[in-house]
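Given next are the chains, with one letter for each unit.
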Amino acid sequence: MSDITVLGIFVADISFSGEKIPTTGETVLGDSYNIGPGGKGCNQAIAISRLGGKVNFISKLGNDDYGKLAINKLKKDNINTSNIVISNKHKTGVAGIHVDRNTGQNAITVIRGAPASLTKDEIDTSIIKRSKIFLTQLEIPLDVTFHCLTVAKENGLINILNPAPACELKKDFFRLVDYFTPNETEAEFYTGVKINNEKDAKSSAQKLLNMGIKKVIITLGEKGLFFSDGKEEIYINASPVKAIDTTGAGDAFNGSFSFALLKGKPIKECLEFANKAAGLSTTKLGAGDGMPFLKDLS
Ligand code: RIB
């Protein structure tokens, strides 16, 4: 049995690091590259597993070389892959990622491939029912995501929705969510509040709570994070690190937050733990490959 079930995509991330991210029409000579696991769901599953959590990953892959790479990598990271659908009709997805090595900032294009065709019928929800926490994002078709969140809620799981990339959601989504974890740009998409300081974060979180979400965590990049459940508010500064690649920092946060929650830690400790994991993940090139291990966090 897995304690945490993650629904999401795997794509092969092809990351190019260099002096700058090219602008339109420009060619830049880069200095290093990495081909490794990516996709928000995959990264979050790796983050949980590397901390020692038992994790089940629901996804869909093509029957091709990147699909085989995915299964090998996930198994190596002790992730339960028995609920991954292998398709002969679709390709495994890829993401092209440009990274500015000086700031760690990135620009990403994701081709989702096989998981864009995932259907409700292809999912065996018994694995969700036997878990304690359900974690997902917005890279899987929305009807499938909604279906799994519903099953999880009906079976008493804690639902964590990382609304990335942000997209229009029907109102019914929000009542299924225990923890909603947008970054500042995603929070602005849902609330219209541009976040420049703690006061803005508070006002954005309040709007999200008014939509029926129970608890909100807004990650603010180098400014840290803000939590509110309408009663308690917590603001935490970002971990001081020299970032070389911020790709997957949000995934490190969501995965390690879920793990800390599973362990029954108080909310402030969960946030501090996840904040530290997110910071550490930015010190290596690659998203899935950059997820820290438990020993790195002690
Ligand atoms: O959150 C980072 C991830 O977003 C990358 O790994 C990329 O594949 C995209 O899904």
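What this report covers is the structure whose coordinates are included nearby. All figures in this text were calculated on a predicted structure; none of them were measured in a lab.

## Topic: the overall build of the protein
Thinking step 1. A tally of helices and strands in the protein yields nine helices and 13 strands.
Thinking step 2. Each of the three principal axes of the protein carries a C-alpha extent, and together these read 50 × 45 × 40 Å.
Thinking step 3. Across the 298 residues of the protein, 54% fall into the buried class.
Thinking step 4. For the protein, the exposed surface amounts to about 12,900 Å²; the carbon and sulfur share of it is 51%.
Thinking step 5. Averaged over its 36 positive side-chain charges, the protein has a centre that lies 4 Å from the centre of its 33 negative ones.

## Re helix H2 (residues 65–76)
Because the α-helix completes a turn every 3.6 residues, residues three or four places apart line up on one side.
Thinking step 1. Taking 1.5 Å per residue as the helical rise, H2 with its twelve residues ought to reach 16 Å, and the 16 Å between its terminal C-alpha atoms agrees with that figure.
Thinking step 2. Those residues of H2 that sit buried are Gly67, Ala70, Ile71 and Leu74. Viewed along the axis of H2, the buried residues span an arc of 95°, placing them on a single side of the element. Turned more than 90 degrees away from the buried face of H2 sit Asp65, Asn72 and Lys76, all of them exposed.
Thinking step 3. Where H2 is buried, its residues touch helix H1 (40–50), strand S4 (55–62), strand S5 (84–87) and strand S6 (92–100).

## Observations concerning the sheet that holds strand S10 (residues 179–180)
Thinking step 1. Spatially, nine strands are ordered S5-S4-S1-S8-S9-S10-S11-S12-S13 in an open sheet, and the strand pairing comes out mixed. Two strands in the sheet have a free side with no partner beyond their single neighbour: S5 and strand S13 (233–236).
Thinking step 2. Both S4 and S5 contribute to a ladder of four bridges, which runs parallel. Of the residues in S5, the one forming a bridge with Lys60 is Val85.
Thinking step 3. Helix-sheet contacts for helix H8 (residues 249–262) involve strand S1 (4–7), strand S8 (133–136), strand S9 (158–161), S10, strand S11 (215–219) and strand S12 (225–228), and the interaxial angle to S8 is about 175°.
Thinking step 4. Across the sheet, helix H9 (residues 267–281) is in contact with S10, S11, S12 and S13; its angle to S13 comes to roughly 25°.

Thresholds, definitions, all that
Residue numbering note: each chain is counted from 1, following its sequence as written. For this predicted model, a pLDDT threshold of at least 70 governs which residues receive local features, and a threshold of 80 or more governs which side-chain atom pairs are given and counted, while totals over whole chains, interfaces and linings are taken from all residues. Computation of side-chain values covers all heavy atoms of the structure but excludes hydrogens and water. In DSSP terms, a helix is any run of H or I states spanning at least four residues, a strand is any run of E spanning at least two, and both are numbered starting from the N terminus. Think of it in three bands: with a 1.4 Å probe and only protein chains considered, a residue is buried below 20% of the maximum accessible area for its type, exposed above 50%, and partly exposed in between. Computed by Shrake-Rupley with a 1.4 Å probe, the accessible areas treat only the displayed protein chains as cover when residues are assessed. In this tally, Lys and Arg are treated as positive and Asp and Glu as negative; His is ignored, and so are the chain termini. Taken as the charge location is NZ of Lys, CZ of Arg, CG of Asp or CD of Glu. One less than the number of residues in a helix, times 1.5 Å, gives the span that helix is expected to have. The arc in question is the one traced by the directions running from the helix axis out to the C-beta atoms. The contact definition used throughout considers only heavy atoms, calling two residues in contact when any of these lie within 4.5 Å. Two strands pair under a simple rule: DSSP has to find at least two bridges between them. Interaxial angle, 0 to 180 degrees, is taken between N-to-C directions of lines fitted to C-alpha atoms, where a helix line uses only the stretch in contact.

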